[in-house]
Amino acid sequence: MSLRVGVIGVGAMGADHIRTISTAIPAARVSEVYDFDVERAYAVAQPVYAGVAGSAEALIDSSAVDAVIICSPDHTHADLAKACIAAGKHVLCEKPLAVTAEDSLSVVEAEVAAGRQLVQLGFMRRYDPGYREMRDALRNGDIGDARMVHCIHRNASSHTSSTSEGIVTGSMVHELDIVRWLLDDEVASIRVESPVAEGLRDPQLATIQMRSGVLVSVEVFVNAAYGYDVRCELVGTSGTVSLVPPTPSSLRKAGLDGVRVRDDFIGRFSDAYRLELGAWAEDALNGVVHGPSAWDGYVANVVAAAGVASLTAGGRQNVSLDPRPDLYA
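Here goes a summary of the coordinates provided. (Residues numbered from 1 in each chain as written. Predicted model: local features only at pLDDT ≥ 70, side-chain atom pairs only at ≥ 80, totals over all residues. Heavy atoms only, no water.)

Moving on, we come to the overall build of the protein chain. Each helix and strand counted, the protein chain has 10 helices and 13 strands in total. The C-alpha radius of gyration computed for the protein chain amounts to 19 Å, which stays within 12% of the reference 20 Å derived for 329 residues, consistent with globular compactness. Reported as C-alpha extents along the three principal axes, the dimensions of the protein chain are approximately 55 × 45 × 45 Å. Residues counted as buried form 54% of the 329 residues belonging to the protein chain. Sequence-distant contacts in the protein chain: of pairs separated by 6 or more residues, those separated by 24 or more amount to 73%. Entry remark: accessible area of the protein chain is about 14,200 Å², with carbon and sulfur atoms responsible for 50%. Taking the 28 positively charged and 42 negatively charged side chains of the protein chain as two groups, their mean positions are separated by 4 Å. (Helix = DSSP H or I, 4+ residues; strand = E, 2+ residues; numbered from the N terminus. Rg over C-alpha atoms; globule rule 2.2 N^0.38 Å. Buried < 20%, exposed > 50% of the residue type's maximum accessible area, 1.4 Å probe, protein only. Contact = heavy atoms within 4.5 Å. Areas by Shrake-Rupley, 256 points an atom, 1.4 Å probe, with all protein chains shown as cover. Lys, Arg positive; Asp, Glu negative; His and termini not counted. Charge placed at Lys NZ, Arg CZ, Asp CG, Glu CD.)

Rendered as structure tokens:
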């Protein structure tokens, strides 16, 4: 049995997911697409023999669609995810789950009311082999107990994180999720600062304290000019482990010889996206969610909101979460 997938939004991310499904995910096929740009929708749908829906809602309700991928603009995510829940269809929603923590909580509440998990968040770094090796090293005791994590996240340029707040909610949000997953811990507080006082406050530096006491530093620089560069080091009581990215087809210098960077995030995390889509398709066919949940999306929104508050008002902000529903235990 093949999972029939509908894709909402066929920009760079949606189009790449469609290519990956059609070439590397035998458990799924793209059956329908929708995009506000109708010509683009037809151009992407034709090579994979998919239909084009008249609206996002029509795609979700289509009898030719078993599960949905949401790659549309951020402000549409929460309502579309809730429509998928109402239709009883599994959904892979690109981050963020919603623009605000309140809206993401409404998705959690809809899922709890439905009594089953249907939503997975597109935090693809959890599927990246490098991050998984780091997590295994900590869990296996190879580096002792965790004490610090250092994260770097740089883009050559960015159109999606075009505001100071958007750098936190649209880019740093990946680190806000991955440190929770790496450490199996929750964020207690966050402080976000920038050396830039006016205009786009880029780069930014976050210092995070986890509930266990582990300290985390996160540098995000969305207009670093030289390329896409993601690094991470996990420091333990008896050793350290660092993220080793896949070797790109071409190398550039990033201030230091031998630092390997990519042109964009899709190329850097191509393996992670493929593994994510494969696992999601298998889970959807089996009626389960094992990946990042709607609750994880809500938590990321809450931590990001605290980060934005710190950036704009100054000081360290505590992170307070609603009780985790039993559905996500």
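After that view, the rundown keeps rolling.
Right, let's get into the sheet that holds strand β6 (residues 119-121). Overall, parallel pairing links the six strands, which are arranged β3-β2-β1-β4-β5-β6 in an open sheet. The sheet is open, and its two edges are formed by β3 (51-52) and β6, each paired on a single side. The pairing of strand β1 (residues 3-8) with strand β4 (residues 67-70) spans four bridges and is parallel. From the neighbouring strand, valine 7 faces β4, where its bridge partner is isoleucine 69. Running at roughly 175° to β4, helix α4 (residues 77-87) makes contact with β1, β4, β5 (90-93) and β6 of the sheet. (Pairing = 2+ DSSP bridges. Axes fitted to C-alpha atoms, helices over the stretch in contact; angles between N-to-C directions.)

This part takes up the packing of helix α5 (residues 101-114) against helix α10 (residues 294-313). Relative orientation of the contacting elements α5 and α10 amounts to 165°, with a least axis distance of 8 Å. Classed by the angle they form, the pair α5 and α10 counts as roughly antiparallel. As for the relative orientation of α5 and α10, their crossing is left-handed in sense. Contacts from Ala101, Ser104, Leu105, Val107, Val108 and Glu111 of α5 reach α10 at Ala294, Trp295, Tyr298, Asn301 and Val302. For the contact of α5 with α10, the class distribution of residues is eight nonpolar, two polar and one charged. (Parallel < 35°, antiparallel > 145°, perpendicular 65-115°, else oblique. Left-handed = near helix turned anticlockwise from the far one by under 90°. Nonpolar A, V, L, I, M, F, W, Y, C, P; charged D, E, K, R; others polar.)

This brings us to the pairing of strand β10 (residues 215-221). Residues Val216, Val218 and Val220 of β10 are buried on one face, while the alternating residues Leu215, Ser217, Glu219 and Phe221, pointing to the opposite face, are not. Strand direction decides the pairing type here: strand β7 (residues 146-154) and β10, joined by seven bridges, are parallel. Across the sheet, isoleucine 152 pairs through a bridge with glutamate 219, a residue of β10. In terms of strand pairing, strand β9 (residues 204-210) meets β10 through six bridges, oriented antiparallel.

Here the focus is the sheet that holds β7. Spatially, seven strands are ordered β12-β11-β7-β10-β9-β8-β13 in an open sheet, and the strand pairing comes out mixed. At either margin of the open sheet sits one strand with a lone partner, and together these are β12 (240-242) and β13 (317-318). In the packing of helix α7 (residues 164-183) onto the sheet, the strands contacted are β7, β8 (187-193), β9, β10 and β11 (229-236), and the crossing angle to β9 comes to about 35°. Where α10 meets the sheet, its contacts fall on β8, β9 and β13, and the angle it forms with β8 comes to roughly 40°.

A few words now on the packing of helix α1 (residues 12-24) against helix α9 (residues 270-286). Contact pair α1 / α9: the axes reach a minimum separation of 10 Å and the direction vectors enclose 65°. Looking at the two axes, α1 sits roughly perpendicular to α9. Along this stretch, α1 crosses α9, giving a crossing that reads as right-handed. Together, Met13, His17, Thr20, Ile21 and Ala24 of α1 and Tyr273, Arg274, Glu276 and Leu277 of α9 make up the contact between the two elements. Residues of the contact of α1 with α9, tallied by class, amount to five nonpolar, two polar and two charged.

The quantities given are spatial measurements derived from coordinates; they are silent on function.
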